Amino acid sequence: MRDDKKSIKIFPEHQAGIIPPDPVAPDSLKGIPRVQTRPSRWTGQSWKGFVNFLHDNDIIVREDRPTCSLYVTDGGGIAYGMPRGVVGATSTEQISVIMKAAQKFRVPVKTRGGALTTEGESVSFGGLQLDMTGMSRILSIDEDALTVRTQAGIYWHSLAEALRRKNLDYLSAPLNLTSTVGGTLSVGGIDINSPRLGCSADQAISLQVVMPTGEIMECSESHDAELFDRVLFGYGQFGIITEATLRIRPFTPISMHYFYYKSLRASIEDLIMLIRADAADYIGILTIMDRAINLLVAFDSEERKRTFFSKWRSSIKGHGELSFGLKMAALYAMHPWKTKEALYLLGRKRALMPEFNPGHHMRDGRIVDRTVVFSKAVWKFWGGRQMVIPDLATSEDKFVEAVERGNAVCKKYFRNYTLYCVGIKLMGSKRRYEMSCIPPDANGFAYGCEFEPMLEGEIYGNDYLQSFKNEIYDIGVDMKTSYYRFGGMMKGYIRRVFGNNLVDRHLAIKREIDPAMILNSDVIF
Amino acid sequence: MNEIIRKTIEKCTGCDVCKLPCPVWRQTRDPALTFSGRAKALQGGASPEDLHKSLMACILCGSCGPACPENIDTLETTLYLRAYLMGLGFAPFPAQPLSPGSSHGRIDYALKNYDRRTFLPCEPILENTTILNRIEKLLGNEIPVSIGDGPWTAISSGIRAGFCRSQGLKAQIRQAFRETDELIVSDGLLLQKLRGWLPDVRVMGLGEALIRLPGIHGALRSSDFYIIESTAFHSDYSRLISLYDHVRAETGCRMNLDLQRIAIPTGSSCPQDRYDSNQVDPLEQARWIINESEFKRIVVESMYDLDVFRKITGSPVIHVSELV
């Protein structure tokens, strides 16, 4: 009894909706008032009426535990929640009915495609989970205009399967087989050809969108352009993409070449130089810690490859595999106490390289279906029940410093890790990049680095992983950069990074078009 | 649940890559009916009993196996879960009696001793003596092969249902094949099991045995569309993908391989008419396989696929044994 009274003194009562200073730990959001955008949370009210309404409209809501348990977490595996019910999306009209009902009954709706979010953005904490993957039909392919119209719940891989029957391909998509078109367009989407072709979202020509209030809209750069720009990179806040018309291109196998570095800075400087010069069709950096740094370049044609080797190869500092191997052997021979590290690097290389050149995906020295090859390797070597991938997206000037600072954080927390660096060509209007992964000071190109610890079966507490992520994200705040993943559990960073004016302007738009604030709540707002 | 299966389920990261080639997913778009759906449901607290419908829906084509980045034995896990449900008293699947030699989920088998080189044909081959004679002649061209009879259809159905798991059966099978060096099996699921049960015997699928013959793969043309029997192919994927990729590169023929190089199944060998939940339409699968493709002839490894492709195309459809 005495203890209870004591605890009441330590944790005094406070006014509903206002979060008091944290009595346990110092406030990490220095200078930002601890006020929640939406202090109230849905507690299940009106659910029955909502479900009955949908039932009367021939929409089945599955509420059984086995079904709901399919959606308990996302790719990150850190945020856990359970929807109250699930609907598999089947048509635009069905989604329209659902959203009208959700506004009326004020029931939150969380959309989900491949669920490759890492901060819980696609996880429901109550409310309705709308599984978009049922809407996966390709509606038309225009081989002359090189466009495809598709339902947005389709996986990029399934889209590629259909396009390949006509020897066509999409422009750019995440190196992940199970990302969906709609989900990717909502966040940006980065490929190793993004230095030439931009974000995946930039290949969209037009969209069909179900508004949070249920209206069905068609938008493009020339028709209702503001909606188009808000929905692309919009983190699902301003509408649900149900169909998209995308640019496509003829399919080409690629020839891949690797250059090895010991210095992060040198490799990034070369990456930036090559991107500026448009020297390769695909380009990125993949590292094993900061010990073995691999600049990969690839080409769609022999001509582009020849030009690279005649014009640019001599300008970059990277070594070939043999030369780099000899240098590393000499280095570790002089540092025998680092034998364990050397063996790890060697083992990792031996395991990885065959996966990037599997015989059944090679024809005449070229990789056929690079996305499959890379994606399978990514899942095999970097996948897991938990995926911790904080990132920083910066302008060119800040990139080297951001990566070096992030690398230091990785070293502090983990023995083994990988950095993955890419460039992104800015293609569209600046408005769509506002409050997105594209940093406001980027000019012409933006650059991104993912910091991915190799968890390798070791068990880390969520607090430890969150601390690691926060240290990376804090670099972004300090350097005024952006992030590829800034939604979900990163909500606390949004005002710190983008400032109150911009966030409040977006919040006002959100309130206007989603009066009940029920679509994808807790992602940004 | 068995500890090994529990750990296997725990290994699933939920990446959903296995969903991409799954024919049940392709035709239903219901994630609950896929392997990753079952794994996620079990991880989320569902019981195997909750997964009855999902387990019934699986056609055991094995497409999910080679797709899995964690190398989970998806087929064996599914079979184990079926067996687990059987143990809980769920109606045996398939619901109909398997064969005259079976009753109440038990198979009364009597196996003879098999020869050094034996071919175990499936029912449609046994019913087609022309094809059977042709296969016997082709396989026995250099080294004689004998046709192995026995309750193999019942055993295959039992494996499918999940109840051919007893040590007694395995011991009897080992005994029956103690003189055998090479065993050729046309039923993909039976092949997968026999390979595990007979580690000292060279066990291969009928498709592989035939395509390895120079006369057969030399007769393939670039205008052919070759349909691999998926269960056999996926049961030994890392070895067979090289073989088939070599054949494809050498002959220029098309194959039912998707972008992951996984064989798109028709599902025709799954006795769906005996099941409550018929989720995969083989005709629909076959249409997807040949969609947008130009070819002059279809060559199938599985006899079950002959009829399926004949129904959807006017082009000739032949069994691989008819190539020469």
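Everything here concerns the structure above.
The structure displayed is predicted, hence computed values, not measured ones.

1. Observations concerning the overall build of chain A
Alright, step 1. Scanning chain A from terminus to terminus reveals 17 helices and 17 strands.
Alright, step 2. Its C-alpha atoms give chain A a radius of gyration of 24 Å, within 12% of the compact-globule value 24 Å for 525 residues.
Alright, step 3. For chain A, the spread of C-alpha atoms along the three principal axes comes to 70 × 70 × 45 Å.
Alright, step 4. Here chain A holds 525 residues, and the buried ones make up 58% of them.
Alright, step 5. Sequence separation of at least 24 residues holds for 72% of the intrachain contacts in chain A that already meet a minimum separation of 6.

2. Some remarks on unusual backbone geometry
Residues and elements named next belong to chain A.
Alright, step 1. A positive phi angle, near 55°, is found at R106, a position not held by glycine.
Alright, step 2. Within the secondary structure, R106 is located in the loop between α4 (92-105) and β2 (109-112).
Alright, step 3. Its identity as a non-glycine residue notwithstanding, D278 has a phi of 55°, on the positive side.
Alright, step 4. Mapped onto the elements of the fold, D278 is located in the loop between α9 (264-277) and β11 (282-288).

3. A word on a negative patch on the surface
Alright, step 1. A cluster of like negative charges, contributed by E63(A), D64(A), E49(B) and D50(B), occupies part of the molecular surface.
Alright, step 2. Its location among the elements puts D64(A) in the loop between α2 (47-56) and α3 (65-68).

4. Let's talk about the nonpolar core
Alright, step 1. Counting 153 residues, the largest nonpolar core has L185(A), L207(A) and I438(A) as its most contacted members.
Alright, step 2. By size, the runner-up hydrophobic cluster in this structure holds 49 residues, among which are L132(B), F225(B), I289(B) and I318(B).

5. A look at the packing of helix α1 (residues 3-11) of chain B against helix α6 (residues 74-87) of chain B
Residue and element names in this part refer to chain B.
Alright, step 1. Running from N to C, α1 and α6 cross one another at 130°; their axes reach a closest spacing of 11 Å. For the element pair α1 / α6, the angle class is oblique. For the crossing formed where α1 meets α6, the hand is left-handed. Contacts between α1 and α6 involve I5, T8 and I9 from the first element and T77, Y80 and L81 from the second.

6. Quick look at the sheet that holds β11(A)
Residues and elements named next belong to chain A.
Alright, step 1. The strand order across the open sheet built from 6 strands is β10-β12-β11-β16-β17-β15, with neighbouring strands paired in antiparallel fashion. Since the sheet does not close on itself, it has two edges, and those belong to β10 (255-261) and β15 (391-394), each with one partner. Between one strand axis and the next, the sheet turns through 20° on average, direction left out of account.
Alright, step 2. As paired strands, β11 and strand β16 (residues 417-425) are joined by 2 bridges and run antiparallel to one another. Directly across from L286, in β16, lies its bridge partner Y420.
Alright, step 3. The strands that α9 touches are β10, β11, β12 (292-299), β16 and β17 (445-453); relative to β11, the one it contacts most, it runs at about 170°.

7. Notes on the pattern of salt bridges
Alright, step 1. All told, the structure shown has 58 salt bridges over all chains when counted by the stated rule.
Alright, step 2. We note a salt bridge from D245(B) to R363(A), for which the minimum N-O separation is 2.9 Å. A residue pair is termed interchain when its members come from two chains, as with D245(B) in helix α15 (residues 237-251) and R363(A) in strand β13 (residues 362-363).
Alright, step 3. For E458(A), the salt bridge identified is with R415(A), shortest N-O distance 3.6 Å.

8. Considerations on the state of the cysteines
All names here are of chain A.
Alright, step 1. Counting across every chain of the model gives 0 disulfides over all chains.
Alright, step 2. Looking at the unpaired C199, the closest cysteine sulfur is the one in C437, lying at 4.8 Å.
Alright, step 3. You can call C199 buried: its relative accessible area is 0%.

9. Digging into helix α17 (residues 303-312) of chain B
Residues and elements named next belong to chain B.
Alright, step 1. Those residues of α17 that sit buried are M303, D305, L306, V308 and F309.
Alright, step 2. Taken together, the buried residues of α17 touch α7 (123-127), α8 (129-139), β7 (224-227), α16 (282-290), β9 (297-300) and β10 (317-319).
Alright, step 3. The opening residue of α17 is S302, an N-cap whose side-chain oxygen sits 3.1 Å from the backbone nitrogen of Y304.

10. Focus on helix α10 (residues 302-312) of chain A
Residue and element names in this part refer to chain A.
Alright, step 1. What α10 keeps buried is the set K305, F308 and W312. End-on, the buried residues of α10 take up no more than an arc of 85°, which puts them together on one face. The exposed residues of α10 that point more than 90 degrees off its buried face are E303, R306, S310 and K311.
Alright, step 2. At its buried positions, α10 is contacted by β10, α9 and β12.

11. A closer look at the packing of aromatic side chains
Alright, step 1. Per the stated rule, a full pass over the model turns up 33 aromatic pairs over all chains.
Alright, step 2. Their ring planes at 40° and their centres at 6.3 Å tell us that Y80(B) and Y84(B) sit as a pair that is tilted. Pair noted here: Y80(B) and Y84(B) are both in helix α6, with a separation of 4 residues, about one helical turn.
Alright, step 3. Overall, Y80(B) belongs to the buried group, its relative accessible area being 14%.
Alright, step 4. You can call Y84(B) partly exposed: its relative accessible area is 24%.
Alright, step 5. With 6.3 Å between their ring centres and 40° between their planes, Y226(B) and Y244(B) make a pair best called tilted. A residue pair is termed long-range when its members are at least 10 positions apart, and Y226(B) in strand β7 and Y244(B) in helix α15 qualify at 18 residues. This pair shows no difference in class: Y226(B) is buried, exactly as Y244(B) is.
Alright, step 6. Taken together, W42(A), W47(A), F50(A), F53(A) and F105(A) form an aromatic cluster joined through their ring pairs.
Alright, step 7. Geometry around W382(A) places R348(A) over its ring, the cationic atom sitting 5.4 Å from the centre.
Alright, step 8. One cation-aromatic arrangement involves K19(B) over W25(B); the distance from NZ or CZ to the ring centre is 4.2 Å.

Analysis parameters
- Residues numbered from 1 in each chain as written.
- Chains lettered and ligands numbered in written order.
- Predicted model: local features only at pLDDT ≥ 70, side-chain atom pairs only at ≥ 80, totals over all residues.
- Heavy atoms only, no water.
- Helix = DSSP H or I, 4+ residues; strand = E, 2+ residues; numbered from the N terminus.
- Rg over C-alpha atoms; globule rule 2.2 N^0.38 Å.
- Buried < 20%, exposed > 50% of the residue type's maximum accessible area, 1.4 Å probe, protein only.
- Contact = heavy atoms within 4.5 Å.
- Patch = residues over 30% accessible without salt bridge, like charges linked within 9 Å, V, L, I, M, F, W, Y side chains within 5 Å.
- Areas by Shrake-Rupley, 256 points an atom, 1.4 Å probe, with all protein chains shown as cover.
- Salt bridge = Lys/Arg side-chain N within 4 Å of Asp/Glu carboxyl O.
- Lys, Arg positive; Asp, Glu negative; His and termini not counted.
- Charge placed at Lys NZ, Arg CZ, Asp CG, Glu CD.
- Core = buried A, V, L, I, M, F, W, Y, C linked by side-chain atoms within 4.5 Å.
- Axes fitted to C-alpha atoms, helices over the stretch in contact; angles between N-to-C directions.
- Parallel < 35°, antiparallel > 145°, perpendicular 65-115°, else oblique.
- Left-handed = near helix turned anticlockwise from the far one by under 90°.
- Pairing = 2+ DSSP bridges.
- Disulfide = S-S within 2.5 Å.
- Polar contact = N/O pair within 3.5 Å; in protein donor to acceptor, adjacent residues only side chain to side chain.
- Arc of directions from axis to C-beta.
- Phe/Tyr/Trp six-rings, centres within 6.5 Å; stacked < 30°, edge-to-face > 60°.
- Lys NZ or Arg CZ within 6 Å of the ring centre and 35° of its normal.

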